[in-house]
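# Observations on the model geometry
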Amino acid sequence: MAVETMTVEVATASAMGLKALGAGLAVGLTGIATAIAEMTIGPAAVGATAENKDMFGMALLFTVIPETIVIFGLVVALLLLF
Amino acid sequence: MSRLLIAASKDQLEPVIRELYRSHVFHIEDFVEQKEEGYEGFRIGMPLAGADSVSRDVLRVRSMSSALGIDPGAVEAGAKTSSQTLRSRIDSEFSTLEKEIGGLNTDRNKRETTVREYEQRISELKPFASAPLDMDLYRGYDRLSVFAGHIPGDVTFTVPHEKFFTDTVPGNFLVVAVPSENRDDVEQTLLEARFQAVPIPEETGSATERVAWYTSEVTRLNAEIESISARLIEKKDAHTAFLVACDELLTAEVERSEAPLRFATTEETFVAEGWVLSEQVAELSDSLRKATGGKIFINEVEIDYDRDAIPVKYDNPAFARPTELLMDVYSRPRYRELDPTLMVSIVFPIFFGLILGDVGYGLILLLMSFGLGKLLKGEAVGQLLDTLRNASVSSIIFGILYSEFIGYALPWKPFIFSRHLNIGGHSTGHGPQVIELMIVSIWIGILHVTLGRVLGMVNARKLYHGSHATKVVIANAGWIATMWGILVMIWSMFPIPVMPDLTGFPVVALGLNAAAALGAVFVIGGIVAIGQENALELVEIPTILSHVLSYARLVAVGLSSVAIAMVVNFIAIGMLIEPQLEQFTPFGVVIIIAGLVVFLLGHLFNTALGLLGGGLHSLRLHYVEFFTKFYKGGGQKFNPFGMKRRFTED
């Protein structure tokens, strides 16, 4: 296997690649975290709304609270990429 | 809002109820028998005479309406009928109409049942049509057993038998007749061959003929059903106006005759308590006195703000009215609370536009709000569509500022920070200014949260009394001080674009410069101020950071929508359509069509996402980050006794 010479282009490209990887991980992992958090809130919210329609606003509110996690992931990803 | 107490003798019950119903301004507070002080001896009233016959009539009208498929909510209000004519028509036409509609409906149902039955017969007979046997030959034997059914393949039997097999029908069909003493052997063989028996229908004559007969019967019945349905539609067209008017008139009568159930009564008198808009008290009192010839006692009771459940009616300019829906979804404000509807009606569209700032998507949503407005009726739907309309106008304005049209740049440079990503190598201008945008969104967060805390102080003064109010006000000031203290400290340590740079000040103590030291004082003072109201609140301090950072979604969600739009454009135009246009081939046309499909579907998907993302995230920023700072809610809807009459008049 030939040893690749480390030119400036290769170095920038691999740095960019690692950044992209990091950004992907940031969004993906926080997405999973949000999903796990919403997994239990969602059914409870749907149940509560089915019992009492006035609960809809509150139910929606509780369901979207964990969204913040994935938004932070998205922010980190954007900061990494730009 | 004023609280009124109306008392009169029972012979005035009917005129009072009639007048209250007509004026449609009095929110009745239901009387509950709980032996309260001052209410001993009062009981819930009895319905007015004739209540049960009116209820029966309402039921009859509703059953006719449902038989004809009339939805009163969807009927356009036309000319109003007077109650007098309507009542005489109810007496003269009601029974005949009921009989006609009921008869037609029964006829149709009966035929529909028969059709279903016949269709069942046809499906049972179908397999037997392939066998050349009359249906009576399948049963009625003493010493023979007949099997009929589906089977994967032909079988041979070792016992004496008569067999018919065909593979011309789906699943094949086998009929076999054997002497009864061999029955068990044959069953065993059939079981092994995976035979599925079908029931033998109780019919006579050839199966084919029977199927033909049933089919013709079904056709005939269906034609009859068609004609009955046509007659029902005729009836519907002719009587819709009458029936919805009846429904309205009778519903009003039922509500009136059941009103005493909500009053407190004694042997000879009744007391009704409720709420009226303060400016309407004089008018209502006058009209009640006139209706009863002055034999009534009306008193304005002083309001106990802590104990009374005061109903709430919004008072907003027309522009903010659609937003009341968004407030009701969360919770209606309490009576003495600050009503943030106007604020939400301004800020919500701005947030939506910041997220979905795109002329193309904005236009699509604008057209959608108008188009759906033509199709769908109803108050809540109208409010929702008006909110969507405002949001999409804001989206178009921000699209012009961002210079975006379904992911493409418009022929000018963005007036504010650019969101043009570099996807597919078609970057224009100086690329996306993500950091600047992010910081602007943080600024919006800082200001919005500060506004929330200031409103928290205003609300505390309105809702609480004495030292409790003061404590809450100080705590809110403490939250503001803590947040700004942290901000000043950050600014004094790191230079951040689009934010003040305070790093230049001389260091005073502990490595902190003058600004940082001031910030630290703010933070400590703020924490003390928060803790004096409720020490448990201190665990909430990290939310300062998370709530403000949460506003970064204004940019993050927006950028993801821009990215999707650009990726769709790149795949559809750059990868599929453009290369084919350069070298035109017949196969290229297919690829171009595929490219168009990708383009349309992709942007459809992104419009839906943009609507959901823009709407839900803006709403959430209000509900979670903004309202939690000051808003309590829990107000009861002002629901005056009476109804808006659409089809009838006196």
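As a reminder, the structure under discussion sits directly above these lines.
Now for a description of the structure that goes with this document. Each residue is numbered by its place in its chain's sequence as written, counting from 1. Here every chain gets a letter starting at A, and every ligand a number starting at 1, in the order they are written. Residues qualify for local features only when their pLDDT is at least 70, as the model is predicted, and side-chain atom pairs are given and counted only at 80 or more; totals for whole chains, interfaces and linings, by contrast, use all residues. Only hydrogens and water are set aside; all other atoms, that is, all heavy atoms of the structure, feed into the side-chain values.

## Examining the overall build of chain A
The helix count covers DSSP runs of H or I at least four residues long, the strand count covers runs of E at least two residues long, and both are numbered beginning at the N terminus. The number of helices and strands found in chain A is three helices and zero strands. Helices and strands in chain A line up, N terminus first, as α-α-α. Relative to the compact-globule value of 12 Å for 82 residues, chain A shows a C-alpha radius of gyration of 20 Å, a clear excess of over 25%. Across its three principal axes, chain A shows a C-alpha extent of roughly 70 × 25 × 10 Å. Only protein chains enter the calculation, and the probe is 1.4 Å; a residue is then buried if its accessible area is under 20% of its type maximum, exposed if over 50%, and partly exposed in between. For chain A, the proportion of its 82 residues judged to be buried stands at 26%. Only heavy atoms enter the contact rule, under which two residues are in contact if any of them lie within 4.5 Å. Put simply, 75% of the contacts in chain A that link residues at least 6 apart link residues at least 24 apart. Reported accessibility uses the Shrake-Rupley method at a 1.4 Å probe radius. Residues are deemed covered only where the shown protein chains occlude them. Approximately 5,300 Å² of chain A is accessible, and the part contributed by carbon and sulfur atoms is 78%. The quantity called the radius of gyration is restricted to C-alpha atoms. Its globule counterpart is 2.2 Å times the number of residues to the power 0.38.

## Overview of the interface of chain B and chain A
The partner chain A presents 17 residues to the 21 residues of chain B that form the contact. When two components associate, each loses some accessible surface as probed by a 1.4 Å sphere; the sum of these losses over both components is called the buried area. For the chain B and chain A pair, buried surface summed over both sides reaches about 1,600 Å², with 83% attributable to carbon and sulfur atoms. Considering only the side of chain B, the residues that lose the most area to chain A are Val329, Tyr330 and Arg620 of chain B, jointly responsible for 25% of the buried surface there. Here a polar contact is recorded for every N or O atom pair within 3.5 Å, except that within protein the pair must consist of a potential hydrogen donor and a potential acceptor, and residues adjacent in sequence are included only if both atoms are side-chain atoms. Viewed at the interface, chain A and chain B are joined by four residue pairs in polar contact (both at pLDDT 80 or more). Looking at the side of chain B that touches chain A, the elements with two or more residues in it are α7 (324–330), α11 (434–463), α14 (542–550), α15 (553–582) and α16 (586–626) of chain B. Top element by residues in the side of chain B that touches chain A is α16 of chain B. It accounts for six residues. As a working rule, the residues Ala, Val, Leu, Ile, Met, Phe, Trp, Tyr, Cys and Pro are called nonpolar, Asp, Glu, Lys and Arg charged, and the rest polar, with Gly in that last group. Split by residue class, the side of chain B that touches chain A holds 16 nonpolar, three polar and two charged.

## Digging into helix α6 (residues 281–292) of chain B
Residue and element names in this part refer to chain B. Helix length check: α6 (twelve residues) gives 17 Å between terminal C-alpha atoms against 16 Å at 1.5 Å per residue, within 8%. As for α6, its buried residues are in contact with β1 (2–9), α1 (13–23), β10 (269–276) and β11 (297–301). Note on α6: the residue one or two positions beyond its end, Gly293, has a positive phi of about 65°. What a helix should span is 1.5 Å times the count of its residues minus one.

## Quick word on a nonpolar patch on the surface
All names here are of chain B. Excluding any residue in a salt bridge, patches collect residues exceeding 30% relative accessible area, merging like charges within 9 Å and nonpolar Val, Leu, Ile, Met, Phe, Trp and Tyr side chains within 5 Å. Each reported salt bridge corresponds to a side-chain nitrogen of Lys or Arg within 4 Å of a carboxyl oxygen of Asp or Glu. Taken together, the side chains of Leu581, Phe584, Val589, Ile593, Val597, Leu601 and Leu604 define a hydrophobic patch exposed on the protein surface, amounting to about 700 Å² of accessible area. The leading source of residues in the nonpolar patch is α16, at five residues. Note on placement: Leu581 falls in helix α15. The exposed category is assigned to Leu581, whose relative accessible area is 51%.

## Side note on empty space enclosed by the protein
Residues and elements named next belong to chain B. For cavity detection a 1 Å grid was placed over the protein atoms alone, and a set of points counts as a cavity when a 1.4 Å probe fits there but cannot get out; an open set counts as a pocket when protein lies on both sides within 12 Å along at least five of seven lines, with lining residues being those that have an atom within 4 Å of a point. Grid points are joined across faces, edges and corners, and a volume is the space filled by probe spheres set on the points. Counting across every chain of the model gives three cavities of 30 Å³ or more. Approximately 80 Å³ is the volume found for the largest cavity. Together, Val449, Arg453, Trp479, Ile480, Met483, Thr543, Ile544, His547, Val548 and Lys629 line the largest cavity. The set of elements that each furnish at least two residues to the lining of the largest cavity consists of α11, α12 (466–493) and α14.

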